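Take a look at the letters that make up each chain.
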Amino acid sequence: MPDRLIVMIAYDGVNLIDIAGPLQAFESATLQAKDTASGYRMVTASERGGAIRTAPGLMVETRPLDELIASDIDTLIVPGGLPADGVFGLDRLVAWLAATGPSVRRLCSVCTGAFLLGDAGLLNGKRATTHWSRSEELSRRHPAIRMEADCIFVNDGQVWTSGGVTAGIDLALALIEADLGHAIAAATARQLVVFVKRPGGQNQFRTPLAQQHRSPTTFTPLHTWMAEHLHEDLRVEKLAEKAGKSPRNFARLYAAEVGCTPARVVELMRLEAACRALEETGRPFKAIAADVGLGNEQNLRRVMQRQFGIGPSDYRARFSGRM
């Protein structure tokens, strides 16, 4: 089998690591497979070709889209960038993706590159992911996408999408494993000094309350009080009493304004406090759980596993500043 052609898209302001990370993985895999299987050829292309300035300022030389023959492309990858409103202003590229995407064997995005695939209509009805901080925005922009916001990468038929930034390397390793087998993917991961399959999902990288509405609300004073009394009884009846409302009326008004139940916000506040303690202190898990109102280590572990896909030991190992 001839080498598989990987086409990486570029545009002004693209994330450099979204391009360089996956391409380095494919290059390493090609070297690992040179004696046993075919590897990859790689081309970076842009709307008109020439030098493209990446987000950090490094220039990347590209070929114009018009020089590419769709039938030659094995895997097409669209990396991410950071437009404030999810609008890239790349109409020519989007039109080319809409015309070319269905004919390639694999269509992929890294990070917010999913916005471009979405604009091209290529994610409608598909399961997909993007950077954890932009998943709700992508869902609003393209409600036909079946978002899986916590996933590092998602495969739905011909389409592969990945989460934020370095998740492009995870995606590339999954593609390499599908093409060349686990042994080559594992050897490539060892060469890159990364996991073949990263433990947990994207949620481990977000602050627990980051997905919640943070703007001031009627309940802002209550939230301040809650944060100072996490170790106390914060059942809805107690919160309603503090807010001067009946439990039923309080729960209804709270859900309508905040967007989730009081119990869910209490859990996330406690988890957020636990995360800070894990990052900033060496206190035992049992003590942290008691301090934040989760009761015991088992409850702490259960809540972290559900939210992040990892337990407190792994969280502390990855995010603590303490050596």
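Please read these numbers as outputs of a predicted model, since none were measured by experiment. (Residues numbered from 1 in each chain as written. Predicted model: local features only at pLDDT ≥ 70, side-chain atom pairs only at ≥ 80, totals over all residues. Heavy atoms only, no water.)

### Things to note about the sheet that holds strand S3 (residues 50–53)
The strand order across the open sheet built from 8 strands is S3-S4-S2-S1-S5-S6-S10-S9, with neighbouring strands paired in mixed fashion. Edge positions in the open sheet fall to S3 and strand S9 (153–156), since each of these has one partner strand only. Neighbour-to-neighbour, the strand axes of the sheet open up by a mean angle of 30°, direction not taken into account. Bridge count for strand S1 (residues 4–9) against strand S5 (residues 75–78) is 3 bridges, and the pairing is parallel. By the bridge assignment, Ile6 is partnered in S5 with Thr75. (Pairing = 2+ DSSP bridges. Helix = DSSP H or I, 4+ residues; strand = E, 2+ residues; numbered from the N terminus. Axes fitted to C-alpha atoms, helices over the stretch in contact; angles between N-to-C directions.)

### Here's the deal with the pairing of strand S6 (residues 106–109)
Alternating positions in S6 separate into two faces, Arg106 and Cys108 on one and Leu107 and Ser109 on the other, with burial throughout. When S5 meets S6, the two strands line up parallel, connected through 4 bridges. Following the sheet pairing, Val78 is matched in S6 by Ser109. With 3 bridges connecting them, S6 and strand S10 (residues 159–162) associate as parallel partners. Considered in S10, the bridge of Leu107 is made with Val159. (Buried < 20%, exposed > 50% of the residue type's maximum accessible area, 1.4 Å probe, protein only.)

### Quick word on the confidence of the model for the protein chain
Residues at a pLDDT of 70 or more form 91% of the protein chain, whose mean pLDDT is 88. Across the protein chain, the secondary-structure element scoring lowest on mean pLDDT is helix H13 (residues 312–319), at 83, and the one scoring highest is S5, at 98. The low-confidence segment residues 210–214 (pLDDT under 50) makes 11 contacts with residues lying over four places distant or belonging to another chain. (pLDDT = per-residue confidence, 0-100. Contact = heavy atoms within 4.5 Å.)

### Notes on helix H5 (residues 167–180)
Each turn of an α-helix holds 3.6 residues, which means side chains three or four residues apart point in the same direction. The terminal C-alpha atoms of H5, which comprises 14 residues, lie 20 Å apart, in line with the 20 Å expected from a rise of 1.5 Å per residue. The buried count for H5 comes to 12 of 14 residues, which makes it a mostly enclosed element. Restricting attention to buried positions, one finds in H5 the residues Ala167, Gly168, Ile169, Asp170, Leu171, Ala172, Leu173, Ala174, Leu175, Ile176, Asp179 and Leu180. In the segment just after H5, Gly181 is the residue with positive phi, at about 95°. (Expected span 1.5 Å × (residues − 1).)

### Digging into helix H10 (residues 262–280)
With 19 residues, H10 ought to run about 27 Å at 1.5 Å a step, and its terminal C-alpha atoms sit 27 Å apart, in line with that. Across the 19 residues of H10, 14 count as buried, placing the element largely inside the fold.

### A short note on the nonpolar core
Ile9, Leu76, Leu93, Trp96, Leu97, Leu116 and Ile176 are the most contacted members of the largest nonpolar core, which totals 58 residues. In terms of residue count, H5 provides more of this core than any other element does, 8 residues in total. With residues up to four places along the chain from it excluded, the contact list for Leu93 reads Ile9, Tyr11, Glu47, Leu65 and Leu116. Core analysis: the next-biggest nonpolar cluster, separate from the first, contains 32 residues, Leu234, Leu271, Leu278 and Phe285 among them. (Core = buried A, V, L, I, M, F, W, Y, C linked by side-chain atoms within 4.5 Å.)

### A short note on the side chain of His229
Its place among the elements puts His229 in the loop between helix H7 (220–228) and helix H8 (236–243). Of the residues examined, His229 reaches a relative accessible area of 18% and is grouped as buried. Here the side chain of His229 touches Trp225 through a polar contact of 2.8 Å, landing on its backbone oxygen. (Polar contact = N/O pair within 3.5 Å; in protein donor to acceptor, adjacent residues only side chain to side chain.)

### Focus on the packing of H10 against helix H12 (residues 297–308)
Viewed as axis vectors pointing N to C, H10 and H12 meet at an angle of 100°, and their least axial separation amounts to 11 Å. The pairing of H10 with H12 is recorded here as roughly perpendicular in orientation. Touching Arg264, Glu267, Leu268, Leu271, Ala274, Cys275 and Leu278 of H10 are Leu300, Val303, Met304, Arg306, Gln307 and Phe308, all from H12. Residues belonging to the contact of H10 with H12 are distributed by class as follows: 9 nonpolar, 1 polar and 3 charged. (Parallel < 35°, antiparallel > 145°, perpendicular 65-115°, else oblique. Nonpolar A, V, L, I, M, F, W, Y, C, P; charged D, E, K, R; others polar.)

### Some points on unusual backbone geometry
Of note in this structure, Cys111 is not a glycine but carries a positive phi near 55°. Residue placement: Cys111 occurs in the loop between S6 and helix H3 (113–119). The backbone of Val193 shows a phi angle near 60°, a positive value even though the residue is not glycine. Its location among the elements puts Val193 in the loop between helix H6 (182–192) and H7. Relative accessible area serves as the criterion here: at 71%, Val193 is assigned to the exposed category.

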